[in-house]
Amino acid sequence: MTTKILNLDATATDLLLRAKKSVMTFLADNIDDIKGEITLTNNELTHASLELRFEADENNGVIKHLSKPQKTNRFLDIKQKHSIYFKSFSFEKVSLEINFLKGYLTINDRTNIVEFEAKIIPMENQDNTDKVLFEMFGKIKRQDFDLNMNNEVEYKSSSANQFINITASFYFTAG
């Protein structure tokens, strides 16, 4: 049995928040604080922990990393400061392919417990360093974090607009 502990490469992180008819992407250069660790046993994910803090500041109506205004349909008011904080507190392995990472998610000072599905994708080993892509994804309810509903287009009968999809990709390396 071979056990390896890999650490997060903070320079290679993507975080995507997506709501129906709107997309907002937060990239690595805007994540203020991030740390994480995963454990692989026989190349199978057996443990994960993650903590990250992100702040989007008002910058003349454009979120820092965007070069031009994006259509957000009031998903996030780009003239307002937003903060996102996540800290995991448990990892659950259901099967070889199904894992869950549970933690506290805080968006704009509202905190709730959330659960994300998690998986790893082994990467090409070009420099004899173990490297894997760790992905987590799930949905959160807008009302749990007091996030705006889409006021420009009515979806009152659609439950899809009540949720925001979160997808995050993290690179972990040995050493």
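Residues numbered from 1 in each chain as written. Predicted model: local features only at pLDDT ≥ 70, side-chain atom pairs only at ≥ 80, totals over all residues. Heavy atoms only, no water.

Student: It is not clear to me how the overall build of the chain should be interpreted in this structure. Could you clarify?
Tutor: Assigned secondary structure in the chain consists of 0 helices and 9 strands. Each of the 175 residues in the chain was classed as buried or not, and the buried ones make up 41%. In the chain, once contacts between residues fewer than 6 apart in sequence are set aside, the share between residues at least 24 apart is 60%. Accessible surface computed for the chain: about 10,000 Å², of which carbon and sulfur atoms make up 43%. (Helix = DSSP H or I, 4+ residues; strand = E, 2+ residues; numbered from the N terminus. Buried < 20%, exposed > 50% of the residue type's maximum accessible area, 1.4 Å probe, protein only. Contact = heavy atoms within 4.5 Å. Areas by Shrake-Rupley, 256 points an atom, 1.4 Å probe, with all protein chains shown as cover.)

Student: I would appreciate a short explanation of unusual backbone geometry in the present structure.
Tutor: Both trends apply: most residues other than glycine have a negative phi, and most peptide bonds are in trans. A positive phi angle is found at Asn-42, which is not glycine, with a value near 50°. Relative to the assigned elements, Asn-42 resides in the loop between strand S3 (31–41) and strand S4 (44–56). In this structure, Asn-43 takes a positive phi of about 60° despite not being glycine. Checked against the element boundaries, Asn-43 lands in the loop between S3 and S4.

Student: Please explain the confidence of the model for the chain as it appears in this structure.
Tutor: Do not read the predicted coordinates in detail wherever pLDDT is low. Per-residue pLDDT for the chain averages 75, and the proportion of residues at 70 or more is 64%. Mean pLDDT across the elements of the chain ranges from a minimum in strand S2 (residues 22–27), with 52, to a maximum in strand S6 (residues 99–107), with 95. Low pLDDT, under 50, characterises residues 58–74; the stretch is placed with 36 contacts to residues that sit more than four places away or in other chains. Long-range and interchain partners of residues 150–157, a stretch whose pLDDT sits below 50, account for 12 contacts in this model, where long-range means more than four residues apart. (pLDDT = per-residue confidence, 0-100.)

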